[in-house]
There are 2 protein chains.
Amino acid sequence: MDERKTALIFKAFCDENRIRILKMLTSGEKCACKLLEEMNITQPTLSHHMKTLLDSGIVNGRKEGKWMHYSISEEGLEKAQKYLDYLKGEV
Amino acid sequence: MDERKTALIFKAFCDENRIRILKMLTSGEKCACKLLEEMNITQPTLSHHMKTLLDSGIVNGRKEGKWMHYSISEEGLEKAQKYLDYLKGEV
DNA sequence: AATACCTATTGACAAACATCTATATGTTGA
DNA sequence: TCAACATATAGATGTTTGTCAATAGGTATT
């Protein structure tokens, strides 16, 4: 795993609004419109953050008709966890 | 744990050079000058990244004479791990 | 087909950030 | 005390990022 990729994964967690989004996703898959309702940002800003979260691999997206459903990616989280374990010396 | 603090912790991991620094610290405490030797950045840039790492709580600093020794903070790492566990639903 | 709706993209802008050079601060040894 | 060294801070600069308004692209319903 190279440095660039690792940094990309963790980009998911280094913005306040993305943390807020991830928190909402802990209770399960949510539609973009639902996420938007509970935040004080515009729709394009949400879309931008969701792209960042998808790119990091921490969130999965599923399109259903006009709706976009997002959920936390177990696989992505595990990659992040593995990196932290590595730093801890628990390779 | 509020969103701002969480984002701050993870700032540690979202820059390539900081990932490189953390990698070097996995083999144990290192002096700033030693870290600098192995990177292609200037001394002030390293200093700047070390400040970010200290602020995030992921790295500990220890001053000894003119040297500054840095090491990975188990406590900081555990906070990061707890957050990932929380996202995974393993509260 | 036309309209309403949800989401993504574009373009603009300000704030944050990574980086450098120059300089300051602090420490050790002569 | 002075010189050499390690690190931090200040100031400048280019890049990235977060944000918004406007608009485009799809999809469902009528």
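Remember, predicted model here, so these are calculated numbers, not experimental data. (Residues numbered from 1 in each chain as written. Chains lettered and ligands numbered in written order. Predicted model: local features only at pLDDT ≥ 70, side-chain atom pairs only at ≥ 80, totals over all residues. Heavy atoms only, no water.)

### Quick look at the sheet that holds strand β1 (residues 30–31) of chain A
All names here are of chain A.
Line of reasoning, step 1. The antiparallel open sheet is built from 3 strands, whose spatial order is β1-β3-β2. Looking at strand neighbours, the two that pair on one side only are β1 and β2 (59–64), the edges of this open sheet.
Line of reasoning, step 2. Of the strands in this sheet, β1, β2 and β3 (67–72) touch helix α2 (residues 16–25), which is tilted by about 90° from β3. (Pairing = 2+ DSSP bridges. Helix = DSSP H or I, 4+ residues; strand = E, 2+ residues; numbered from the N terminus. Contact = heavy atoms within 4.5 Å. Axes fitted to C-alpha atoms, helices over the stretch in contact; angles between N-to-C directions.)

### Examining the environment of Phe10(B)
Line of reasoning, step 1. One can find Phe10(B) in helix α1 (residues 3–11).
Line of reasoning, step 2. Measuring from C-alpha to C-alpha, the distance between Phe10(B) and Leu77(B) comes to 9.9 Å, with 67 residues separating the pair along the chain.
Line of reasoning, step 3. Setting aside anything within four residues of it in sequence, one finds Phe10(B) in contact with Phe10(A), Phe13(A), Cys14(A), Ala80(B), Tyr83(B) and Leu84(B).

### A word on the protein's contact with DNA strand C
Line of reasoning, step 1. Close to DNA strand C lie 23 residues; Gln43(A), Asn17(B), Thr42(B), Thr45(B) and His49(B) are nearest.
Line of reasoning, step 2. One of the side-chain nitrogen or oxygen atoms of Ser47(A) is found 3.0 Å away from a phosphate oxygen of DNA strand C.
Line of reasoning, step 3. In the model, a phosphate oxygen of DNA strand C is placed 2.9 Å from a nitrogen or oxygen of the Thr42(B) side chain.
Line of reasoning, step 4. A total of 4 residues in the surface near DNA strand C trace back to one element, the largest contributor, which is helix α4 (residues 43–56) of chain B.
Line of reasoning, step 5. Looking at the surface near DNA strand C residue by residue, the classes come out as 9 nonpolar, 8 polar and 6 charged. (Near = heavy atom within 4 Å. Polar contact = N/O pair within 3.5 Å; in protein donor to acceptor, adjacent residues only side chain to side chain. Nonpolar A, V, L, I, M, F, W, Y, C, P; charged D, E, K, R; others polar.)

### Thoughts on the nonpolar core
Line of reasoning, step 1. If you look at the biggest cluster of nonpolar residues, it comprises 50 residues, and the most contacted ones within it are Phe10(A), Phe13(A), Leu22(A), Phe10(B), Phe13(B) and Leu22(B).
Line of reasoning, step 2. If near-sequence neighbours (up to four positions away) are discounted, Leu22(A) is found in contact with Ala12(A), Phe13(A), Leu53(A), Ile58(A), Val59(A), Ile72(A), Tyr83(B) and Leu87(B). (Core = buried A, V, L, I, M, F, W, Y, C linked by side-chain atoms within 4.5 Å. Buried < 20%, exposed > 50% of the residue type's maximum accessible area, 1.4 Å probe, protein only.)

### Some thoughts on the interface of chain B and chain A
Line of reasoning, step 1. Taken together, the contact pairs 27 residues of chain B with 27 residues of chain A.
Line of reasoning, step 2. Overall, the association of chain B and chain A removes approximately 2,800 Å² of surface from exposure, summing both partners, and the carbon and sulfur fraction of that is 64%.
Line of reasoning, step 3. If you sort the residues of chain B by the area they bury against chain A, Glu3(B), Leu87(B) and Lys88(B) come out on top, with a joint share of 23%.
Line of reasoning, step 4. Linking chain B with chain A are 6 salt bridges, by the criterion used here.
Line of reasoning, step 5. Arg20(A) serves as the salt-bridge partner of Glu3(B), at 3.8 Å between the closest nitrogen and oxygen.
Line of reasoning, step 6. Taken together, chain B and chain A are joined by 8 residue pairs in polar contact (both at pLDDT 80 or more).
Line of reasoning, step 7. Of all the elements in the fold, those that place two or more residues in the side of chain B that touches chain A are α1, α2 (16–25) and α5 (74–88) of chain B.
Line of reasoning, step 8. Here the side of chain B that touches chain A gets 11 residues from one element, more than from any other, and that element is α5(B). (Buried area = accessible area lost by both parts, 1.4 Å probe. Salt bridge = Lys/Arg side-chain N within 4 Å of Asp/Glu carboxyl O.)

### Quick word on the relation of the copies chain B and chain A
Line of reasoning, step 1. Expressed as a screw transformation, the operator carrying chain B onto chain A has a rotation angle of 180° and an axial translation of 0.0 Å, and the superposed copies differ by an RMSD of 0.0 Å. Considering both components of the superposition, the chain copies are consistent with a two-fold axis.
Line of reasoning, step 2. Here 100% of the interface residues in chain B have copies in chain A that are interface residues too; the copies meet face to matching face. (Least-squares fit on C-alpha atoms with pLDDT ≥ 70 in both.)

### As for the sheet that holds strand β3 (residues 67–72) of chain B
Residues and elements named next belong to chain B.
Line of reasoning, step 1. Pairing within the open sheet is antiparallel, and its 3 strands lie in the order β1-β3-β2. The strands lining the two open edges of the sheet, one partner per strand, are β1 (30–31) and β2 (59–64).
Line of reasoning, step 2. As judged from the 2 bridges shared by β1 and β3, these two strands associate in the antiparallel manner. Residue pairing across strands places Lys30 opposite Tyr70, the latter belonging to β3.
Line of reasoning, step 3. Docked against the sheet, α2 engages β1, β2 and β3, running at close to 90° with respect to β3.

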